Amino acid sequence: AVLVVGLILIKWATKTINKIMTNRGVDESLRPFLIALIGVVLKVMLAVSVIQMLGVATTSFIAVIGAAGLAIGLALSGTLQNFAGGIIILLLKPFHVGDWIEAQGHSGTVSEVQIFMTILKTPDNRTIILPNGALSTGALVNYSTEPRRRVDMVFGAGYDADVDHVKATLQGIIDRDERILKDPAPAILLSGLADSSVNFTLRLWVENGDYWGVHFAFHENVKKVFDREKIGIPFPQMDVHLHKDA
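Residues numbered from 1 in each chain as written. Predicted model: local features only at pLDDT ≥ 70, side-chain atom pairs only at ≥ 80, totals over all residues. Heavy atoms only, no water.

(A) Quick peek at the packing of aromatic side chains. Summed over all chains, the structure comprises three aromatic pairs. Ring geometry for Phe155 versus Phe218: centroids 6.0 Å apart, planes at 35°, classification tilted. Placement of Phe155 in strand β6 (residues 148-157) and of Phe218 in helix α7 (residues 211-228) is noted, with a sequence separation of 63 residues between them. Ring plane angle 85° and centroid distance 5.0 Å describe the contact between Tyr211 and Trp212, whose orientation is recorded as edge-to-face. Look at Trp212 and you get partly exposed, because its relative accessible area is 48%. Above the ring of Tyr211, the side-chain terminus of Arg149 is found at 3.8 Å from the ring centroid. (Phe/Tyr/Trp six-rings, centres within 6.5 Å; stacked < 30°, edge-to-face > 60°. Helix = DSSP H or I, 4+ residues; strand = E, 2+ residues; numbered from the N terminus. Buried < 20%, exposed > 50% of the residue type's maximum accessible area, 1.4 Å probe, protein only. Lys NZ or Arg CZ within 6 Å of the ring centre and 35° of its normal.)

Right, dumping it as structure tokens:
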């Protein structure tokens, strides 16, 4: 009777917990696993209780289960660490499927988040598999969290170029690109007097999806417009003087 009633209660309890997790938005990849784990733990506790009620000594039985659990835990320490990391990721959600992230020296679009690993896809169609243990405890950069990103670029002009002319030329390129946002306003800053160039830093705000398009197009436009405006783009040079020994 205890066994039958216990199984009925366990079934009811797992259904109730499943409803609570669903209402609270627990990830679909995590919910079935947790429900199954809770069900197994409750059934083991019920079985031990029933065996004890039948008069069988359960002390040795529990000791064997504990020793087996310890041995399995030591053997699967790395796997268990990845499992714990997967639970943390699925509960805290530092990133979602479709986000572009950088972690563990790799970057790519999140394709799938599993219990033990996270799968990334790179732009050149490579698949990167990251263990969740290291992913949940290491540094992680999520480039998709904010809707806007700032594009930072540096361009050099020759020392013979007029500073105001260079700034006006760069401003003209900015004004012609509709992807560059007006608020926050773009910034053109003279950032350094280098060995062979005067460096101008540009800080441009764009929508997240336009980041690389603006980055590559702007470099091409700067080269074309600088050539047309006769603004030299210097490169490192070395003068070698030969002295003839008398």
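Here the narrative resumes, following the displayed structure.
(B) Spatial organisation of the sheet that holds strand β4 (residues 127-131). Within the open sheet, the five strands sit side by side as β4-β3-β2-β1-β5. Their pairing is antiparallel. Each edge of the sheet is formed by a strand with only one pairing partner; in this case those strands are β4 and β5 (140-142). Across the sheet, the axes of successive neighbouring strands diverge by a mean angle of 40°, strand direction being ignored. Pairing between strand β1 (residues 100-103) and β5: three bridges, direction antiparallel. Opposite Ala103, over in β5, you have Leu140 as the bridge partner. (Pairing = 2+ DSSP bridges. Axes fitted to C-alpha atoms, helices over the stretch in contact; angles between N-to-C directions.)

(C) Focus on the pattern of salt bridges. For the structure shown, the criterion picks out six salt bridges. Measuring nitrogen to oxygen at the nearest pair gives 2.8 Å for the salt bridge that ties Arg150 to Asp152. On the accessibility criterion, Arg150 (33% relative accessible area) is partly exposed. The partly exposed category is assigned to Asp152, whose relative accessible area is 40%. Between Lys224 and Glu220 there is a salt bridge, and its shortest N-O distance comes to 2.9 Å. Of the two residues, Lys224 and Glu220 both sit in helix α7, four residues apart, roughly one turn of that helix. According to the relative accessible area criterion, Lys224 is partly exposed, its value standing at 46%. (Salt bridge = Lys/Arg side-chain N within 4 Å of Asp/Glu carboxyl O.)

(D) A look at unusual backbone geometry. Put simply, Asp183 and Pro184 share a cis peptide bond, and its omega is 0°. By the element assignment, Pro184 lies in the loop between α6 (163-176) and β7 (187-193).

(E) Representation of the sheet that holds strand β8 (residues 198-207) within the structure. Overall, antiparallel pairing links the three strands, which are arranged β6-β8-β7 in an open sheet. Whereas interior strands pair on both sides, the edge strands pair on one side only; in this sheet they are β6 and β7. This sheet shows a mean twist of 25° between the axes of neighbouring strands, independent of strand direction. Contacts between α6 and the sheet are confined to β6, β7 and β8, with β8 contributing the most and set at about 20° to the helix. (Contact = heavy atoms within 4.5 Å.)

(F) Summary view of a nonpolar patch on the surface. On the surface, a nonpolar cluster with roughly 380 Å² of combined accessible area is contributed by Tyr159, Val163, Leu190 and Leu193. Assignment of secondary structure puts Leu190 in strand β7. Judged by relative accessible area, which is 39%, Leu190 ranks as partly exposed. (Patch = residues over 30% accessible without salt bridge, like charges linked within 9 Å, V, L, I, M, F, W, Y side chains within 5 Å. Areas by Shrake-Rupley, 256 points an atom, 1.4 Å probe, with all protein chains shown as cover.)

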